[in-house]
Each structure stands twice: as C-alpha cells, then as structure tokens.
Amino acid sequence: MAEQLKAKMILDKSYEISKVDERIYGSFIEHLGRAVYGGFYEPGHPEADEQGFRKDVIELVKELNVPVVRYPGGNMVSAYNWEDGVGPKEERPRRLELAWRTIETNEVGTNEFVDWAKKVNAEVMMAVNLGTRGIDAARNLIEYTNHTKGTYWSDLRRSHGYEQPHNIKTWCLGNEMDGPWQVGQKTAAEYGKIAKETGKAMKLVDPGIELVACGSSHAGMPTFPEYDATTLDIAYEEVDYISLHQYYGNKANDPANYLAKNMEMDHFINTVTSTCDYIKAKHRSKKTMHLSFDEWNVWYHSNDQDKAIEPWSIAPPQLEDVYNFEDALLVGSMLITLLKHADRVKMACMAQLVNVIAPIMTENDGRSWKQTIFYPYMHASLYGRGISLKPVLSSPKYDSKEFTDVPYIDSAAVYDEESEAVTIFLVNKHLSEDIPLQADVRSFEGYSVVEHSVLEHEDLKAVNTAGHQAVQPHNRGEAALTDGKLEAVLKKTSWNVIRLKK
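Given the structure is predicted, the values throughout are model-derived calculations rather than measurements.

## Looking at empty space enclosed by the protein
Enumeration according to the criterion identifies 3 cavities of 30 Å³ or more in this entry. By volume, the largest cavity is sized at about 110 Å³. Lining the largest cavity are 15 residues, and of these W82, A127, V128, N129 and L141 lie nearest its centre. Within the residue set of the lining of the largest cavity, elements represented by two or more residues are β7 (123-128) and α3 (135-146). Its residues placed into classes, the lining of the largest cavity shows 11 nonpolar, 3 polar and 1 charged. Computed from the structure, the second largest cavity encloses a volume of approximately 80 Å³. Taken together, H31, L32, G33, Y37, E97, T102, I103, E104, A315, P316 and Q318 make up the full set of residues lining the second largest cavity. With 3 residues, strand β6 (residues 102-104) is the largest single contributor of residues to the lining of the second largest cavity. Here the residues of the lining of the second largest cavity sort into 5 nonpolar, 4 polar and 2 charged.

This is the structure:
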C-alpha cells in the first residue's frame, strides 16, 4: 500500500523575511484593447458616473484593494505623446497607435487616469516614452504632473482644471526596451544612457520620485541577464528599481508541468537579484537595488484570436484571455513566490486589470464579472500585508517535463502585527490527492482559526462567465488549531487561505 502523502510546517514569528511593501499587489492599465475604452471608461454605460467611469468596475477594483496602477503602457508608451491626452477632449488628436495597430482617440489621458485612480484608492505608477522620445518629453511631463505652479507646464495643468499637482511618486523609464517588437528598441548601452540622463533630469524637477529602469523583457531573452547588468552598470545610482516581466501559459495542456512554473519565476527573481548585487559590489555602492515585477500573469488563451483583429480599429477586444481554474492555482503560486521575495521585490503589477489579460471582465453596455484569477489576487491583497514570514515546509515532491523536485505544496505566511493576525497561503498542486498538513505554530500563543477559505473545482478547465461564477471560494475548509498545532487537509488542486487571530 502506497504511503500517504503528508506535509509538515513550522511557522515562527521570528522567522522574518521582510515587511511586505503593499505595492506588490499593484496592477496595470495600458491603452490596449478594451482595458480603457469599454473597460473602466464607457460614458454611455448605465453604470457610468459623471466622468464616464464605470461604477461597477470601480467597485470590483476596490474589492481587490489595488494600491498602485501602472499606466499608460506597456508597449504603447514607446510611441505615445503624452500631450495628446491632456486639455479639452474635443481638441485631442486621433493617432495611429503603433504597438497594437489600433486608433487611439486620446479621450482618456493623464488627468482622467489620475482621477480614476483616486476613485479606486490607488496611486499611479507612470511610464515615460523612451522609444520615440526621451529627456525633454519626460521632464515636461513631470513638471506638468508634479510642479505646483508658476511655470509653463504646471500652469497648463492648472488651466486644464487641476489646481493641485498630482504628485506622482513612481516612474517607469520606458518599457521593454530590449524587445525587437518595441518602437525605438535599444541596446543595453543605449538604454542605460538614456535611462540615466532622463532619470537625472526628472529628479532635478522632483527629487522625491522613485525610478524604475527596464530590465530584460522576460527571462527567455537571449541577452538576459547581461542587458540588466549593463543597464545597471550605467544607471545604478540614478534608479531605484529594476523591472521584471513574465507570463506563463499551458499550450501543451500539461497541468503538472504548468503548475510548477512559479519555480521558473523564483529562479528569475534570484538571477536578477544576483545581477543587482554584482553591480552593487562592482560599484562599491551602499545602495541596494530593489525589484519591480511590474508585469506578471498567465497569458496564452487569446493568442490565436488576436491574429484575426482588423488593424486600425478602435478599442477592439485584444488579449481577452478567459481564465480557467488551473490558471487561478498558478496565479496563487506566483503570489506566494512574490511574498517569499518580499525582501527584494517591493512592487509588482498583475498585468492587466480590466478585460486585457485581467481578473475583471466587462461587456460593452453590459455586465462585469470576476475571472477565476480574481480570487487569489484578492485574498493576497487583503490578507498579505504585514511581515512576510519564512515557513519551514517539508512537502512531498514530484518531477514534471521541465522541472525536478517540485513541491506539491507551495506556502507563504504573513503576520500583521497591528491586528495580531496571521495568514497562511497554500496551494496543493497534486492532481488527484488531498494532502494533510500539520503545522507547528506554537510561537502564536492564544491564537485560533478564524477562517479556512478554499478555491477548488473538479474541472481544471472550469471558467467564470458573465452569467455564471463556476469558480469561487468557499469557507468550508476544516483547519483546526489545538495546543500550538495547526491541522488541515489541503484538497487536491486547491488554493487555501488559513487565517489565525489572537
């Protein structure tokens, strides 16, 4: 008879990784597909407010408690003139948008986006165009958004109805500048130089800002991690973060291998961290470079249908992945991976937020709903704030096509000192077996289980639609805590959130 699988864990409040920067629960809106037009902005919609923002979408974003949203791109930013999107709407030009080959109407621009972000209680992470433009446009934009008054660009903002500056704190210096798909692609040396000089000029306008340099577009780029090293070698003292982007898919329809892909994400983070530390040592710098994982998600379902889109249409449905249950499991494991690296990953953006590879979907003139990936993202954002702890986990393992020694159980834990709450996030990747977990939590004396939330479904391919939420969490998990020992059964292929309180 086969031995039963078991997982054991020790969770101690003194095993700290780092305080979690809440911005790891950020997201991203690009002028792409129906993210903006027909997504969060649809003036004729029955739910539209006085500015044309959909109130149903605002409520869903608020449920996710998104702290920061990156904008306006993405690939789109590399040929974007920010001036097109400010001032009277009737005077704004229509442009060919080169990244996704659509027409950009510019009805929504910087000021509208800042207004919308306030309504969802989020900060803005703004990207500048380092493809077709550079230092001049960037310094003008930050003067427009962040300078109080008395200069050309700040007074122009005030004439547009925004008396007070927006005080945008976090800025991305371009986007994926190593990519051959990028308008204005640059070598690492070219990019490092323009990033350094643009960052320098922007910090002269507003010394309080933080800057994110582009790292490699993904871990599979032929120049990774040399591109990151060269960029940082040139711009290390000017910038505060380096960016990472990564998407995963299951085209081979191999769930066991697919659910292990967060191991690749873990390796990617470790490699970029090592690269940063090498440059720090080389420069004998006292500054530690932090990581901004400002694009991450599952993306593959919509690849084929996107090839059929008519060029130069306005806000066509692009990158509209319909996520299934197994995607939600991988997203859960990716969130766990980010929490395990809370000491270095200080910002992260699930890409994107509405309609475009997104947790929230809408119909034009119609309903909005939550995709399967909405739930792990929401749980992590709501309960994953505080100190990231290091669970000492012993889990049974498996081998898949691409990965060896994959733990069946992924886990992260967060201790919120203020509310004296502990949350343990767990994914069971086993395709057919429930796995009992026994955890030693003696350092949390006087605690009890307040909730064991589970996301599970018999069908890995189950999806949510406007009319039917097939995949949603329930609170019928049976975790129990007695005498410092936590016991739970982690159902096969499930995402678990166990919350303890004093």
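## Here we look at the packing of aromatic side chains
Tallying each qualifying case throughout the model produces 20 aromatic pairs. Between the aromatic rings of Y152 and W153, the centroid separation amounts to 4.8 Å while the plane-to-plane angle is 90 degrees, which identifies the pairing as edge-to-face. On the basis of relative accessibility, which here comes to 57%, the residue Y152 falls in the exposed class. W153 gets classed as buried once you look at its relative accessible area, which sits at 16%. Seen in terms of ring centroids, F224 and F268 are 5.2 Å apart; in terms of plane orientation they differ by 80 degrees. Their pairing is edge-to-face. Of this pair, F224 sits in the loop between β9 (210-213) and α6 (226-235) while F268 is found in helix α8 (residues 262-282), placing the two residues 44 residues apart along the sequence. Three or more aromatic residues joined by ring pairs make a cluster, and in this case those are Y37, F40, Y41, F53, Y71, F113 and W116. A cation sits over an aromatic face here: R70 above F28, 4.4 Å from the ring centre.

## As for unusual backbone geometry
For residues besides glycine, phi is generally negative; the peptide bonds are generally trans as well. Residues Y71 and P72 are joined by a peptide bond in cis, for which omega reads 0 degrees. Relative to the helices and strands, P72 is located in the loop between β4 (68-71) and β5 (95-97). Backbone geometry places I357, a non-glycine residue, at a positive phi of 30 degrees. Structurally, the position occupied by I357 is in the loop between β12 (345-351) and β13 (360-362). The buried category is assigned to I357, whose relative accessible area is 1%. Here the phi dihedral of D483 falls at roughly 50 degrees; this positive angle occurs in a residue that is not glycine. By secondary structure assignment, the location of D483 is in the loop between β23 (480-482) and β24 (485-490).

## Here we look at helix α11 (residues 374-383)
Residue pairs spaced three or four apart in an α-helix point in one direction, given the helix's 3.6 residues per turn. With 8 of 10 residues buried, α11 is to be regarded as a mostly interior element. Among the residues of α11, F374, Y375, P376, Y377, M378, H379, A380 and S381 are the ones counted as buried.

## Details of the sheet that holds β9
Taken in spatial order, the 8 strands of this closed barrel run β3-β4-β7-β8-β9-β10-β11-β12, and their pairing is parallel. Taking the axes of each pair of neighbouring strands and ignoring which way they run, one obtains an average angle of 30 degrees across the sheet. Where β7 meets strand β8 (residues 170-173), 4 bridges bridge the pair, whose relative direction is parallel. What sits directly across from V128, in β8, is L173. Against the sheet, helix α2 (residues 110-119) contacts β4 and β7, and its axis sits at roughly 155 degrees relative to β7.

## Some words on the environment of L338
Following the sequence through the fold, L338 ends up in helix α10 (residues 325-340). Among the residues examined, L338 registers a relative accessible area of 0% and is labelled buried. Spatially, the C-alpha atoms of L338 and K62 are 21 Å apart, while their sequence positions differ by 276 residues. Discounting residues that sit within four places of it in the chain, L338 has contacts with I24, M265, I269, F293, W296, V345 and A348.

## Overview of the state of the cysteines
Note on terminology: disulfide describes a covalent bond linking the sulfur atoms of two cysteines. Evaluated as defined, the whole model comprises 0 disulfides. Summary of cysteine pairing: C276 is not part of a disulfide, and the nearest cysteine sulfur, belonging to C214, is at 13 Å. Of the residues examined, C276 reaches a relative accessible area of 0% and is grouped as buried. We note that C349 lacks a disulfide partner, and the nearest cysteine sulfur, in C172, lies 7.1 Å from it. Its relative accessible area of 0% is what places C349 among the buried residues.

## Topic: the side chain of T372
Along the chain, the position of T372 falls in the loop between β14 (368-370) and α11. For T372, a relative accessible area of 0% gives the class buried. Within the structure, T372 has its side chain in polar contact with the backbone oxygen of N324 (distance 2.8 Å). Once residues within four sequence positions are removed from consideration, T372 is found in contact with Y323, N324, F325, A328, L455, A462, V463, N464 and V471.

Parameters and conventions
Residues numbered from 1 in each chain as written. Predicted model: local features only at pLDDT ≥ 70, side-chain atom pairs only at ≥ 80, totals over all residues. Heavy atoms only, no water. 1 Å grid on protein atoms, 1.4 Å probe; cavity = no way out; pocket = protein on both sides within 12 Å on 5 of 7 lines; lining within 4 Å. Points joined across faces, edges and corners; volume = space filled by probe spheres on them. Helix = DSSP H or I, 4+ residues; strand = E, 2+ residues; numbered from the N terminus. Nonpolar A, V, L, I, M, F, W, Y, C, P; charged D, E, K, R; others polar. Phe/Tyr/Trp six-rings, centres within 6.5 Å; stacked < 30°, edge-to-face > 60°. Buried < 20%, exposed > 50% of the residue type's maximum accessible area, 1.4 Å probe, protein only. Lys NZ or Arg CZ within 6 Å of the ring centre and 35° of its normal. Pairing = 2+ DSSP bridges. Axes fitted to C-alpha atoms, helices over the stretch in contact; angles between N-to-C directions. Contact = heavy atoms within 4.5 Å. Disulfide = S-S within 2.5 Å. Polar contact = N/O pair within 3.5 Å; in protein donor to acceptor, adjacent residues only side chain to side chain.

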